[in-house]
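Chain residues, written in single-letter form:
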Amino acid sequence: MNNTTNKHMQKWISEVAALAKPDDIVWIDGSAEQIERLRQQAVADGSMIRLNEEKLPNCFLHRTDPNDVARVEGRTFICCANEEDAGPTNHWMEPSEMHRKLDGIIDGAMRGRTMYVIPYSMSVVGSPFAKYGIELTDSTYVVLNMVIMTRAGQAVLDAIGDSEDFIKGIHTQANLDKEQKYIVQFPEENAIYSVNSNYGGNVLQGKKCFALRIASNLGREENWMAEHMLILGIENPRGEVRYVCGAFPSACGKTNLAMLIPPEGYRKNGWKAWCVGDDIAWLRPGKDGRLWAVNPENGFFGVAPGTSMKSNPNALECTREGTIFTNVALNTEDNTVWWEGMTKTPPEHAIDWLGRPWTPDSPDKAAHPNSRFTAPARNCPCRSTEFDNPNGVPISAILFGGRRAKTAPLVYQSRDWNHGVFVGSIMASETTAAASGAVGVVRRDPMAMLPFCGYHMADYWQHWIDMGKLIKNPPKIFNVNWFRTDDEGHFIWPGFGDNLRVLEWALARCFGEAGARECELGYVPYPGDINLDGSGVDEKTFEGLITIDRDLWRKEADDIREYYKQFGDKVPAELFAMLEVLEKNLS
Ligand code: GTP
Ligand code: SPV
Ligand code: MN
């Protein structure tokens, strides 16, 4: 173990190796040569398919086990000493019992395999935000994804030095037994275990396991916030760049908003949009009284279906080089990839995500609905110049949002920070294919953190309220809903690039440059406050989009009161006060 002199690390790795019994241990140094060697190995063992070298250089296709295609919330655990601290929205098991179970699975699981040691950093190495982790894995797929998604390699070991301050992660795909699948966070041990899976958010531990579940605990102790949020810079025609964060549940539009292309009229006038992050934000109050954000990741693990030159050309551009595609279709005409919604005309012949021949007449989808691309951030045409700024960017506005066919208006602004926390706490959205289980069912997903908050949800709301007191100039908080539908079920709002119209108003509100009308929920724009030129949406339709249906909202308020009950007396009094205001406004 001459890659580090860190005794704690060496001891831990030796213990894991003694249990898992790999044939070999390989340290990931992050060099191009090592990565290329691992790619060749993955191609040789059949786990990756090399794609067209001209059209998609250094790009690969991977197919997961058909039972292993999404996050598994039912098998995800927060194992802290007291069950009460995990709260009613997390699965919990007594830590020593869980350790026994995991040790039983890991015992000998790496026999005949190599154990890779991945030192990785969440955010730029050396940044005041940076946190380090080691993931031990027996999967080349995980290694090749982690080197895209994080800053990984020797520099991280150097930064850790002899410190014990790093997150210990163990992953073994074992035999992919879905009954023995566990995604486990031990917040008090700063440890993560993923076993019997080899899929995305279950096993790329830097992402949801560390940057949200563990980091939410660290943030609570250290007065910062780990959030499931995109970070986007909007440059106006005066050349000022203003930053927004947005928390939308999985597969509800973060990557798309983070890479938006302004509508033509806006582009002509000089509007630009710059991507800082598409999934996770770490937020800290700055000395200047504002809230500052970094994206701890270094790549995009984005939803493939629906990504096209029309909907999100920037995302597609990100995937042109050095990208790993998971569970998309293989276009056999030119050894490239395809998924539903990429082009109007599908390829004549393809291999579907299950490895079966596919034609446009096939009854099944060619790509899995949660198929994804893992793309390096360096490829992003709209990558912000601040992407690697170790101090982050100052946030003017926070957006909460989700998929609501009827209830939520296109946009409304909260009255103040605490009211904004209330708005986040009552978020609800239709479920998507990003997690296994039913799709399209409305569920509460506070701050889009339901599957990711690593402690008691009501304590997390309290943390939001406490943070508000530490930020002198807090961002203004808004709720958005791009997904309102008409009676035929069609989306009314054009969405995508046109969402900038809503952002323009929201940002103008943050700088006292736009008006608003008070309503039952907070503030909504006056007709004419939002620029609809070229949007295809007329004033009357727009009015419909921001109309609040009092009957629906009375039911909603009842449901919120019921929802809060499960959290008992931990729900901050401030939130109950806001609920009472809402009820009064609706009566
Ligand atoms: P995760 O990576 O799972 O966290 O998802 P995400 O929040 O980044 O969602 P993403 O941007 O990948 O979008 C998911 C789906 O929503 C895709 O099928 C998009 O085409 C669709 N979508 C995104 N933005 C909009 C929008 O403004 N309007 C409509 N109608 N659909 C959208
Ligand atoms: C999500 O589900 O919110 C994702 C994909 O971003 S995963 O990495 O699987 O969590
Ligand atoms: Mn996500």
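Residues numbered from 1 in each chain as written. Chains lettered and ligands numbered in written order. Predicted model: local features only at pLDDT ≥ 70, side-chain atom pairs only at ≥ 80, totals over all residues. Heavy atoms only, no water.

Attention now moves to the coordination of the manganese ion (ligand 3). Ligation of the manganese ion (ligand 3) by protein atoms is provided by Lys-208 (NZ), His-228 (NE2) and Asp-279 (OD), these donors lying 2.1 to 2.6 Å from the ion. Around the manganese ion (ligand 3), the 6 donor atoms sit at angles spanning 64 to 174 degrees, and that spread fits a shape best called irregular. Look at where the donors of the manganese ion (ligand 3) fall in the sequence and you get K-x19-H-x50-D. Linking Lys-208 in helix 8 (residues 206-222) with Asp-279 in the loop between strand 14 (272-277) and strand 15 (281-285), this pair joins segments that are 71 residues apart in sequence. A single burial state applies to Lys-208 and to Asp-279, both of which are buried. (Donors = N, O, S within 2.8 Å, 3.2 Å for Na, K, Ca; no water. Tetrahedral: all angles 85-135°; square planar, octahedral: opposite > 155°, others 65-115°. Helix = DSSP H or I, 4+ residues; strand = E, 2+ residues; numbered from the N terminus. Buried < 20%, exposed > 50% of the residue type's maximum accessible area, 1.4 Å probe, protein only.)

A separate point is unusual backbone geometry. Among all residues save glycine, negative phi is the norm, and among peptide bonds the norm is trans. In this structure, Leu-176 takes a positive phi of about 60 degrees despite not being glycine. Along the chain, Leu-176 falls in the loop between strand 8 (167-172) and strand 9 (182-186). Positive phi values are uncommon outside glycine, yet Asn-335 reaches one of about 55 degrees. Along the polypeptide, Asn-335 turns up in the loop between strand 19 (329-331) and strand 20 (336-338).

Further remarks concern the site of ligand 2. Contacts to ligand 2 come from Arg-71, Tyr-199, Gly-201, Lys-207, Lys-208, His-228, Ser-250, Asp-279, Phe-301, Arg-372, Ala-434 and Phe-452. Arg-71 places a polar side-chain atom, nitrogen or oxygen, 2.9 Å from an oxygen atom of ligand 2. In the environment of ligand 2, an oxygen atom lies 2.5 Å from a nitrogen or oxygen atom belonging to the side chain of Lys-208. Across the shell around ligand 2, the residue classes tally to 4 nonpolar, 3 polar and 5 charged. (Near = heavy atom within 4 Å. Polar contact = N/O pair within 3.5 Å; in protein donor to acceptor, adjacent residues only side chain to side chain. Nonpolar A, V, L, I, M, F, W, Y, C, P; charged D, E, K, R; others polar.)

Another point: the environment of Pro-285. Counting through the fold element by element, Pro-285 comes out in strand 15. Taking the C-alpha atoms as reference points, Pro-285 and Gly-468, separated by 183 residues in sequence, lie 9.4 Å from one another. Ignoring sequence-local partners within four residues, the contact set of Pro-285 consists of Asn-223, Arg-290, Leu-291, Met-467, Leu-470 and Ile-471. (Contact = heavy atoms within 4.5 Å.)

Right, let's get into the domain arrangement of the chain. Once the domains are mapped, the chain shows domain 1 (7-30 + 72-222), domain 2 (227-295 + 387-586) and domain 3 (299-379). One C-alpha centre belongs to domain 2, the other to domain 3; they are set 29 Å apart. The interface is formed by 12 residues belonging to domain 2 together with 13 residues belonging to domain 3. Roughly 970 Å² is buried in total at the junction of domain 2 and domain 3, and carbon and sulfur atoms are behind 65% of that figure. Considering only the side of domain 2, the residues that lose the most area to domain 3 are Met-259, Ile-261 and Ala-433, jointly responsible for 43% of the buried surface there. Put simply, domain 2 and domain 3 have 2 residue pairs in polar contact (both at pLDDT 80 or more) between them. Of the residues assigned to the side of domain 2 that touches domain 3, the class counts are 9 nonpolar, 2 polar and 1 charged. (Domains from an automatic or database assignment. Buried area = accessible area lost by both parts, 1.4 Å probe.)

Next up on the list: the site of ligand 1. Around ligand 1, 21 residues are found, and the nearest of them are Ala-251, Lys-254, Thr-255, Asn-256 and Arg-372. Between an oxygen atom of ligand 1 and a main-chain N or O atom of Ala-251, the distance comes to 2.7 Å. One of the side-chain nitrogen or oxygen atoms of Lys-254 is found 2.8 Å away from an oxygen atom of ligand 1. If one sorts the elements of the shell around ligand 1 by residue count, helix 9 (residues 254-258) sits on top with 3 residues. Considering only residue class, the shell around ligand 1 consists of 10 nonpolar, 7 polar and 4 charged. A domain split of the shell around ligand 1 shows at least three residues from each of domain 2 (227-295 + 387-586) and domain 3 (299-379).

The next thing to look at is the sheet that holds strand 18 (residues 324-326). Overall, mixed pairing links the 5 strands, which are arranged 2-3-18-23-17 in an open sheet. Because the sheet does not close on itself, it has two edges, and the strands there are strand 2 (49-50) and strand 17 (299-303). Note: strand 18 against strand 23 (residues 372-376), 3 bridges, orientation antiparallel. Looking at strand 23, one finds that Phe-325 is bridged to Phe-373. (Pairing = 2+ DSSP bridges.)

Okay, the environment of Met-48 next. Counting through the fold element by element, Met-48 comes out in the loop between helix 2 (32-44) and strand 2. Residues Met-48 and Ile-106, 58 residues apart in the sequence, show an inter-C-alpha distance of 25 Å. Among residues more than four places away in sequence, those in contact with Met-48 are Ala-42, Val-43, Phe-60, Leu-61, His-62, Tyr-141, Leu-144 and Ile-324.

Here we come to the environment of Asn-331. Looking at the secondary structure, you find Asn-331 in strand 19. By relative accessible area, Asn-331 is classed as buried at 9%. Between the alpha carbons of Asn-331 and Pro-346 there is a distance of 9.1 Å; along the sequence they are 15 residues apart. Dropping the residues within four chain positions of it, Asn-331 is found in contact with Thr-336, Val-337, Pro-347, His-349 and Ala-350. Separated by 3.0 Å, the side chain of Asn-331 and the backbone nitrogen of Glu-333 make a polar contact.

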